[in-house]
Amino acid sequence: QVQLVESGGGWVQAGGSLRLSCAASGRTVSDYNMGWFRQAPGQEREFVAGVSWAGGRTSYTDSVKGRFPISRDNAKKTVSLEMNSLKPEDTAVYYCAAVGRTRGLIRAMREYAYWGQGTQVTVSS
């Protein structure tokens, strides 16, 4: 079992920045690749970014490449998403999720076994 708790969401004007953090507890965090997903009102949850268990590989959806670097610190059991140059279309609830490291950096939501409760990000124009 892995417990995930997100923090760092909030309200920001377009062009601003926010840093999301995901604190993990339970089983060894380095057993898992980690991902960030988001869900806007009326839309399906979508993959945003992922990082491999050791932090050496990352993956991003096209709309956030170059703006949302993902990183992790296994010693601190945290995963971060640095959100820069935010746009109104980035408004969503952001979720942290964990998938077994043998699964690779996958984007399919159904493959992730553990989820946090989500944190709201609102970007105003």
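Residues numbered from 1 in each chain as written. Predicted model: local features only at pLDDT ≥ 70, side-chain atom pairs only at ≥ 80, totals over all residues. Heavy atoms only, no water.

Colleague: Give a detailed account of the packing of aromatic side chains, specifying residues and quantitative values.
Modeller: Following the criterion strictly, the structure yields six aromatic pairs and no others. Judged by centre distance (5.6 Å) and plane angle (80°), the rings of Phe37 and Phe47 are edge-to-face. Linking Phe37 in strand β4 (residues 32–39) with Phe47 in strand β5 (residues 46–51), this pair joins segments that are 10 residues apart in sequence. By relative accessible area, which is 8% here, Phe47 ends up buried. (Phe/Tyr/Trp six-rings, centres within 6.5 Å; stacked < 30°, edge-to-face > 60°. Helix = DSSP H or I, 4+ residues; strand = E, 2+ residues; numbered from the N terminus. Buried < 20%, exposed > 50% of the residue type's maximum accessible area, 1.4 Å probe, protein only.)

Colleague: Can you explain the nonpolar core? Please cite residues and give values.
Modeller: By size, the foremost hydrophobic cluster in this structure holds 30 residues, and its most contacted members are Leu4, Met34, Trp36, Leu81 and Tyr94. Taken together, the elements giving at least two residues each to this core come down to β1 (2–7), β3 (18–26), β4, β5, β8 (78–83), β9 (92–100) and β11 (119–124). Core analysis: the second largest hydrophobic core is formed by five residues, Phe37, Phe47, Ala97 and Tyr112 among them. (Core = buried A, V, L, I, M, F, W, Y, C linked by side-chain atoms within 4.5 Å.)

Colleague: If you had to explain the state of the cysteines to someone new, which residues and values would you point to?
Modeller: Working definition: the covalent bond between the sulfur atoms of two cysteines is a disulfide. Tallied over the entire structure, the rule returns one disulfide. Each sulfur of the disulfide joining Cys22 and Cys96 lies 2.1 Å from the other. An S-S torsion of about -80° defines the bridge between Cys22 and Cys96 as left-handed. Highlighted residues: Cys22 in strand β3 and Cys96 in strand β9, separated in sequence by 74 residues. (Disulfide = S-S within 2.5 Å.)

Colleague: Residues and numbers for the sheet that holds β1, please.
Modeller: The strand order across the open sheet built from four strands is β1-β3-β8-β7, with neighbouring strands paired in antiparallel fashion. Each end of this open sheet is capped by a strand with a single partner; those strands are β1 and β7 (70–73). For this sheet, the mean angle separating the axes of adjacent strands, direction not counted, is 20°. Pairing of β7 with β8 involves four bridges; the strand directions are antiparallel. (Pairing = 2+ DSSP bridges. Axes fitted to C-alpha atoms, helices over the stretch in contact; angles between N-to-C directions.)

Colleague: How would you explain the pattern of salt bridges if you had to name every residue and give the values?
Modeller: Throughout the structure, instances matching the rule amount to seven salt bridges. The partner of Arg19 in a salt bridge is Glu82, and the shortest N-O contact between them spans 2.5 Å. Placement of the pair is Arg19 in strand β3 and Glu82 in strand β8, with a sequence separation of 63 residues. Among the residues examined, Arg19 registers a relative accessible area of 44% and is labelled partly exposed. Overall, Glu82 belongs to the partly exposed group, its relative accessible area being 23%. For Asp90, the salt bridge is made with Arg67, and the minimal N-O distance between the two is 2.9 Å. Pair noted here: Asp90 is in the loop between β8 and β9 and Arg67 is in the loop between β6 (58–60) and β7, with a separation of 23 residues, a long-range link. One network of salt bridges, with partners in common, ties together Arg38, Glu46, Arg67 and Asp90. (Salt bridge = Lys/Arg side-chain N within 4 Å of Asp/Glu carboxyl O.)

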